[in-house]
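Below, each chain spelled out in residue letters.
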Amino acid sequence: MLLGANIPLSGFIKDEILSTFANGILMLLVIGCVTVQLGVIRRKEKDLQMRDKATNSIIHDLKSPIATAISLLGLVRHRHKDEPEALAIAKDETMMNHLLHEIETLADTAREGQTGAMLNYKPTNLFSLAETVKQEIDMVYQQKQHTVNIINDLPDGKLVDVDADKVERILRNLVENAVKYADSGVKVNIRIFEQESKPAISVVDNGWGIAPEHIKQIFKPYYRIEQPEGRYRKGLGMGLANVQQLVKAHGGVITVQSEIGKGSVLTFTLS
C-alpha cells in the first residue's frame, strides 16, 4: 500500500523565498558590519600614521634648537676653558646632551621596526664608551649619592664593530635606571666581557629590584611599575622599550635577573 502526501507547491515556494530573503538580509548585515569595521580600521591606521608624522615632526623641531644650543655651549666652554665658568658651562652642556638623548630615545621608539636600517657601525672601544656614560650619569645625578664602577674583561684597546651612539644610549638608559630606581648610596657595576664569543655588557645594581610578574612587561612601551609612596620617579616608560629595540637591531638579546630588595642584573649581547 503506497502512502502519499499532497504538499501544495505554492507553500513550499513561499517558504523557500522567505528563507532566501532572510539569508539575504543576514548576509547584507554581515557585509555591512565588516564594511564598517574595515572603515574603522582604516581610520585608525590613518590616525596612527598622522600621529607618527606629528610625533616625528615635533621630535625634529625639538632636536634642532637643542643641538644648536649644545654646539654654542661647546664653543663657549672652549673659549672659557681656563676660567671658573667652564665647569658650570660643561654641566649645562651635559644636561642638554642628556635631554637630547631622551628625545632621540622617543624618536627611535616611535620608529618601531625601522631602527636596524639606521645603524652606523664603526670600530668602538666599549670601555671608553662606558666611561662617557659614567661621567654623564655622575654629572646628572650629582645630588644623589651613588657609585658607578666599570669592570673591563676585554683585552685593553679591543675595538668592537657597533653603532657607538646607539650602544651608548642602551648603556645610558640601563645605568640611569639603576641609579634612579634605588635608594641613596646605590652601587652600580658596568661589566664588559665576552659571552659565547660575543661582546656583552652587564649592569649590576643593589637597588629596589623588580618583581617577577613585571620582568616580562618592562620592555613594553609606556609600561611603568607602580612604586610605593616616596619612591615615585618621573618617566614615560620608553627607555627599556628603546633598549630592547636597539639590542635586537644589533642582533643581540637582553636578559634580566632581579630580586626585590636585592637589586638587578641586566645583560645584553652584541653580535
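Structure first, text after, so check above.
Rules behind the numbers
- Residues numbered from 1 in each chain as written.
- Predicted model: local features only at pLDDT ≥ 70, side-chain atom pairs only at ≥ 80, totals over all residues.
- Heavy atoms only, no water.
- Pairing = 2+ DSSP bridges.
- Helix = DSSP H or I, 4+ residues; strand = E, 2+ residues; numbered from the N terminus.
- Axes fitted to C-alpha atoms, helices over the stretch in contact; angles between N-to-C directions.
- Left-handed = near helix turned anticlockwise from the far one by under 90°.
- Contact = heavy atoms within 4.5 Å.
- Nonpolar A, V, L, I, M, F, W, Y, C, P; charged D, E, K, R; others polar.
- Expected span 1.5 Å × (residues − 1).
- Buried < 20%, exposed > 50% of the residue type's maximum accessible area, 1.4 Å probe, protein only.
- Phe/Tyr/Trp six-rings, centres within 6.5 Å; stacked < 30°, edge-to-face > 60°.
- Lys NZ or Arg CZ within 6 Å of the ring centre and 35° of its normal.
- Core = buried A, V, L, I, M, F, W, Y, C linked by side-chain atoms within 4.5 Å.
- Salt bridge = Lys/Arg side-chain N within 4 Å of Asp/Glu carboxyl O.

### Regarding the pairing of strand β4 (residues 186–195)
Thought 1: One ladder, built from 7 bridges, connects strand β2 (residues 146–152) with β4; its direction is parallel. When the bridges of β4 are listed, Ile 151 appears paired with Arg 191.
Thought 2: The pairing of β4 with strand β5 (residues 198–205) spans 8 bridges and is antiparallel. Across the sheet, Phe 193 pairs through a bridge with Ala 200, a residue of β5.
Thought 3: If you look at the hairpin formed by β4 and β5, you'll find 2 residues sitting between the two strands, and Glu 196 has a positive phi there, around 55°.

### Notes on the packing of helix α4 (residues 164–180) against helix α6 (residues 239–249)
Thought 1: Viewed as axis vectors pointing N to C, α4 and α6 meet at an angle of 145°, and their least axial separation amounts to 9 Å. Of the two possible hands of crossing, α4 and α6 adopt the one that is left-handed. Residues Lys 166, Arg 169, Ile 170, Asn 173, Leu 174 and Asn 177 of α4 pack against Gly 239, Leu 240, Asn 242, Val 243, Leu 246 and Val 247 of α6.
Thought 2: Taken together, the residues of the contact of α4 with α6 sort by class into 6 nonpolar, 4 polar and 2 charged.

### As for helix α3 (residues 126–140)
Note that an α-helix has 3.6 residues per turn; residues three or four places apart therefore point the same way.
Thought 1: If you check α3, its first and last C-alpha atoms are 21 Å apart, about what 15 residues at 1.5 Å a residue would give, namely 21 Å.
Thought 2: Within the span of α3, buried status applies to Leu 126, Leu 129, Ala 130, Val 133, Glu 136, Ile 137, Met 139 and Val 140.

### Quick notes on the packing of aromatic side chains
Thought 1: Under the definition given, this model contains 1 aromatic pair.
Thought 2: Measuring from ring centre to ring centre gives 6.3 Å for Tyr 181 and Trp 208, while their planes differ by 65°; the resulting arrangement is edge-to-face. With Tyr 181 in the loop between α4 and β4 and Trp 208 in the loop between β5 and α5 (212–215), this residue pair connects regions lying 27 residues apart in the sequence.
Thought 3: The ring of Phe 193 has Arg 191 sitting right over it, with the charged end atom 4.1 Å from the ring centre.

### Here's the deal with the sheet that holds β5
Thought 1: Strand order in the open sheet formed by 5 strands is β2-β4-β5-β7-β6, with mixed pairing between adjacent strands. Each edge of the open sheet is held by one strand with a lone partner, namely β2 and β6 (254–259). On average, each strand axis in the sheet is tilted by 15° relative to the strand beside it, whichever way the strands run.
Thought 2: Here β5 runs beside strand β7 (residues 263–269); their pairing, made up of 6 bridges, is antiparallel. Paired with Asp 205 across the strands is Ser 264, a residue of β7.
Thought 3: Strands β2, β4, β5, β6 and β7 of the sheet are contacted by α4, whose axis makes an angle of about 145° with β4.

### Considerations on the nonpolar core
Thought 1: In terms of nonpolar packing, the biggest core is built from 40 residues, with Leu 171, Leu 174, Val 175 and Phe 268 touching the most fellow members.
Thought 2: No other element matches the 8 residues that α4 contributes to this core.
Thought 3: Those residues within four positions of Leu 174 in sequence are excluded, and the remaining contacts are Val 203, Leu 240, Val 243, Ile 254, Leu 266 and Phe 268.

### Remarks on the pattern of salt bridges
Between side chains of opposite charge, a pair can form as their charged atoms come close.
Thought 1: Tallying each qualifying case throughout the model produces 7 salt bridges.
Thought 2: The salt bridge involving Arg 191 is made with Asp 153; its shortest N-O contact spans 2.8 Å. Here Asp 153 lies in the loop between β2 and β3 (160–162) and Arg 191 lies in strand β4, a separation of 38 residues in the sequence.
Thought 3: Arg 191 sits in the partly exposed class, given a relative accessible area of 36%.
Thought 4: A relative accessible area of 44% places Asp 153 in the partly exposed class.
Thought 5: Residue Lys 166 is joined to Asp 163 by a salt bridge in which the shortest nitrogen-to-oxygen separation is 3.9 Å.
Thought 6: We classify Lys 166 as buried; its relative accessible area is 11%.
Thought 7: Relative accessible area serves as the criterion here: at 4%, Asp 163 is assigned to the buried category.
Thought 8: A cluster of three or more residues bridged by salt bridges with shared partners is formed by Glu 136, Glu 168 and Arg 172.

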